[in-house]
Structures are given as C-alpha cells and as structure tokens.
Amino acid sequence: MKTTLCLWGIILILVCCKSRERLVEQKFDFTSRPVNTGVKEEVRDSLQGTAWPVKMVKQETVTLTQGCQPLHYCVIVGSFAYPQNAVRLRNQLMQEGFQEASIYRNAAGMFRVSILCDDSYESAWQEVCHIRSEYPQYYDAWLLETNY
C-alpha cells in the first residue's frame, strides 16, 4: 500500500514538473515576437527663450554674515543650514567673478548666499532671469525681499 502511494506520488510530481517545463518554455520565449519599446520624448532646452514664470519673491528678515550690506532685493543662489557650505559657495562665486557675493542669515538660522542685491525690484528680477539663463548651475536662483 505504501509503495503504491509513493509510486503515484512520484508519477504525479513528474507529470506536474513536465507540464511546468512546457509552460516556462512558452512563457519566456523571447524570440517569438519582437516588441517595439521606442519612446517618443520631446526634449527642449528649458532655459533658452523662456518667459520666466510668476515673479515670486520671498520676504525675510536677514542679518549680514559675510559680504556686502543687503539692499531691498537679493538674488539668492544657495541656501544652507551649515555656514561652512555657504562660505564654500560664496568663495566659488567670487572666483567666478561675482565680487558682491554675500551670505545672510535669516531668523530660522538658514544661510542665504546672494550673488548681488539691488533696490529696484525690476532690475533684481532681470538679474534672476539672467543668472538662470547664463549659468545653468544656478537655474533655481530666486529673489529675496529683505527686511534689514
């Protein structure tokens, strides 16, 4: 009786394994039909010829850490929690020719790195647009209205 059950069990396992092999062969036959995986994607330069979006300005009270006294509007290219990161970016900016680069600290303790400041909103915003288009590494430059 035990021998018969074992024999039936082995036969059942062999039959199941054989049918699974056929399913696996059919399921994963990669040569049976080519699949078109081409993706159409439009790539555009988002920096050139762009009419910049809404003129967003963030307003904060800041204190000078290094550099020039803030004017009413500052073009910010970096914001850091640690002062050494802000100093590193300011030094890099000065090497790139931005001699007015400054570091300001806001009430929350963040260090804002500015390329330049201006009292005129329009000229400061034009400078933001210029920085974004001419210096791709500062594509996320923004305008800070200071309360000093």
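Residues numbered from 1 in each chain as written. Predicted model: local features only at pLDDT ≥ 70, side-chain atom pairs only at ≥ 80, totals over all residues. Heavy atoms only, no water.

**Some words on the nonpolar core**
If you look at the biggest cluster of nonpolar residues, it comprises 21 residues, and the most contacted ones within it are V75, V77, L93, V113, I115, I131 and L143. Contributions of two or more residues to this core are made by β3 (73-80), α2 (83-95), β5 (111-118) and α3 (121-134). With five residues, α3 is the single largest residue contributor to this core. Beyond its immediate chain neighbours, meaning those up to four positions away, L143 contacts M56, V57, K58, Y73, C74, V75, Y121, A124, W125 and V128. (Core = buried A, V, L, I, M, F, W, Y, C linked by side-chain atoms within 4.5 Å. Buried < 20%, exposed > 50% of the residue type's maximum accessible area, 1.4 Å probe, protein only. Helix = DSSP H or I, 4+ residues; strand = E, 2+ residues; numbered from the N terminus. Contact = heavy atoms within 4.5 Å.)

**Thoughts on the packing of aromatic side chains**
In total, this model carries three aromatic pairs according to the counting rule given. Ring centres 5.2 Å apart and planes at 65° place the aromatic pair F98 and Y135 in the edge-to-face group. One end of the pair, F98, is in the loop between α2 and β4 (102-106); the other, Y135, is in the loop between α3 and β6 (142-146), and 37 residues separate them in sequence. Overall, the relative accessible area of 12% leaves F98 in the buried class. A network of ring pairs unites the aromatic residues F98, Y135 and Y138 as a single cluster. (Phe/Tyr/Trp six-rings, centres within 6.5 Å; stacked < 30°, edge-to-face > 60°.)

That's the geometry; what it means functionally is another story.
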